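Residue-level structural notes
Chain residues, written in single-letter form:
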Amino acid sequence: MGITYRQLAHLGQEDADNQPPARSYHAMAYDPTRGTVLLFGGLTGSNQKLGDTWEWNGTTWTQVGVTGPTRYCHVMWFDSTRNRILIFGGIGPTGARLSDVQEWNGTSWIQVSAPAGPSARYGTAVAFDASTNRAVLVGGLDGTGVRSDTWTFDGASAQWSSLGVSSCGSRYQTSAAYDTVRDR
């Protein structure tokens, strides 16, 4: 089952009693194998940091994880090779920048044991490159400023690889997408 654009435009409006609380700086990813959208974390209007996980099946929201690695300003992607949703970085409960990778196993978040990769940061952009089976992460804000570096993450080996400086320059709070038609 897929989710239509119309359904996405009306997320949760059918069941206002069972939906995620309002938030910003959260992340969402579509899981085509399950036909659901996963929402995780964020920040409430009163600056409460969230670590809850919700699933949208096209009709109903279901809270599938009450606690997780509390964070906001993180990125999330679906690894189509392994059929898993992953998150990277963001800002944690103490306000510290994060550099960890977490993987959703369907019931909880599990930290991925990955060697050194991108510096702790938030506001990055990520897209999964189906031709290389790797997530591509660009930019973000770390302790030195807005970054212009590009990294890939191979979920099968849990390995980061640096691609060096991005040709698009420094980026923060931007987006990325994979173009399946042009394979880019």
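Everything below is about the structure printed above this text.
Below, the structure is looked at part by part. (Residues numbered from 1 in each chain as written. Predicted model: local features only at pLDDT ≥ 70, side-chain atom pairs only at ≥ 80, totals over all residues. Heavy atoms only, no water.)

1. A few points about the overall build of the protein chain
- A tally of regular secondary structure across the protein chain gives one helix and 14 strands.
- Counting over 184 residues, the protein chain shows a buried share of 45%.
- Taking as baseline every contact in the protein chain between residues at least 6 positions apart, the subset at least 24 positions apart corresponds to 43%.
- Surface summary for the protein chain: the accessible area is close to 9300 Å², and the carbon and sulfur share equals 48%. (Helix = DSSP H or I, 4+ residues; strand = E, 2+ residues; numbered from the N terminus. Buried < 20%, exposed > 50% of the residue type's maximum accessible area, 1.4 Å probe, protein only. Contact = heavy atoms within 4.5 Å. Areas by Shrake-Rupley, 256 points an atom, 1.4 Å probe, with all protein chains shown as cover.)

2. A short note on the sheet that holds strand 5 (residues 75-79)
- Strand order in the open sheet formed by four strands is 5-6-7-8, with antiparallel pairing between adjacent strands. Pairing within the sheet leaves two strands with one partner each, and these edge strands are strand 5 and strand 8 (109-112). Sheet twist, expressed as the mean angle between neighbouring strand axes with direction ignored, is 30°.
- Across six bridges, strand 6 (residues 84-91) lies against strand 7 (residues 97-104) in antiparallel orientation. What sits directly across from Leu86, in strand 7, is Glu103. (Pairing = 2+ DSSP bridges. Axes fitted to C-alpha atoms, helices over the stretch in contact; angles between N-to-C directions.)

3. Let's talk about the sheet that holds strand 14 (residues 159-165)
- Pairing is antiparallel in the open sheet, where four strands are placed in the order 9-10-13-14. Of all the strands in the sheet, just strand 9 (125-129) and strand 14 have a single pairing partner and so form its edges. With strand direction ignored, the average angle separating the axes of adjacent strands in the sheet is 20°.

4. Details of the pattern of salt bridges
- Applying the stated rule across the entire model yields 10 salt bridges.
- For Arg84, the salt bridge goes to Glu103, with nearest N and O atoms at 3.1 Å. Of this pair, Arg84 sits in strand 6 while Glu103 is found in strand 7, placing the two residues 19 residues apart along the sequence.
- The partner of Asp149 in a salt bridge is Arg121, and the shortest N-O contact between them spans 2.8 Å. (Salt bridge = Lys/Arg side-chain N within 4 Å of Asp/Glu carboxyl O.)

5. A closer look at unusual backbone geometry
- A positive phi angle is found at Asn47, which is not glycine, with a value near 65°.
- Checked against the element boundaries, Asn47 lands in the loop between strand 2 (36-43) and strand 3 (49-56).
- Positive phi, normally seen in glycine, also occurs at Cys73, with a value near 65°.
- Relative to the helices and strands, Cys73 is located in the loop between strand 4 (61-65) and strand 5.

6. Quick word on the environment of Asp52
- Mapping Asp52 onto the fold places it in strand 3.
- Residue classification places Asp52 among the buried residues on the basis of a relative accessible area of 8%.
- Spatially, the C-alpha atoms of Asp52 and Gly65 are 5.6 Å apart, while their sequence positions differ by 13 residues.
- When sequence neighbours within four positions are dropped, the list of residues in contact with Asp52 reads Pro21, Arg23, Leu39, Phe40, Gly41, Gln63, Gly65 and Val66.
- Looking at Asp52, its side chain comes within polar contact range of the side chain of Arg23, at 2.8 Å. (Polar contact = N/O pair within 3.5 Å; in protein donor to acceptor, adjacent residues only side chain to side chain.)

7. Re the pairing of strand 2
- In terms of residue burial, strand 2 counts as a mostly covered element, since eight of its eight residues are buried.
- The sheet contact formed by strand 1 (residues 27-31) and strand 2 spans five bridges and is antiparallel. Across the sheet, the residue bridging to Tyr30 is Val37, located in strand 2.
- Linking strand 1 to strand 2, which pair antiparallel, is a turn of four residues; within it Gly35 sits at a positive phi near 65°.
- Strand direction decides the pairing type here: strand 2 and strand 3, joined by six bridges, are antiparallel. The partner of Val37 across the bridge, within strand 3, is Trp56.
- Linkage of strand 2 to strand 3, two consecutive antiparallel strands, is achieved through a turn of five residues, within which Asn47 is found at a positive phi near 65°.

8. What about the side chain of Asp149?
- Mapped onto the fold, Asp149 is located in strand 13 (residues 149-154).
- We classify Asp149 as buried; its relative accessible area is 9%.
- Only 2.9 Å separates the side chain of Asp149 from the side chain of Trp151, close enough to count as a polar contact.

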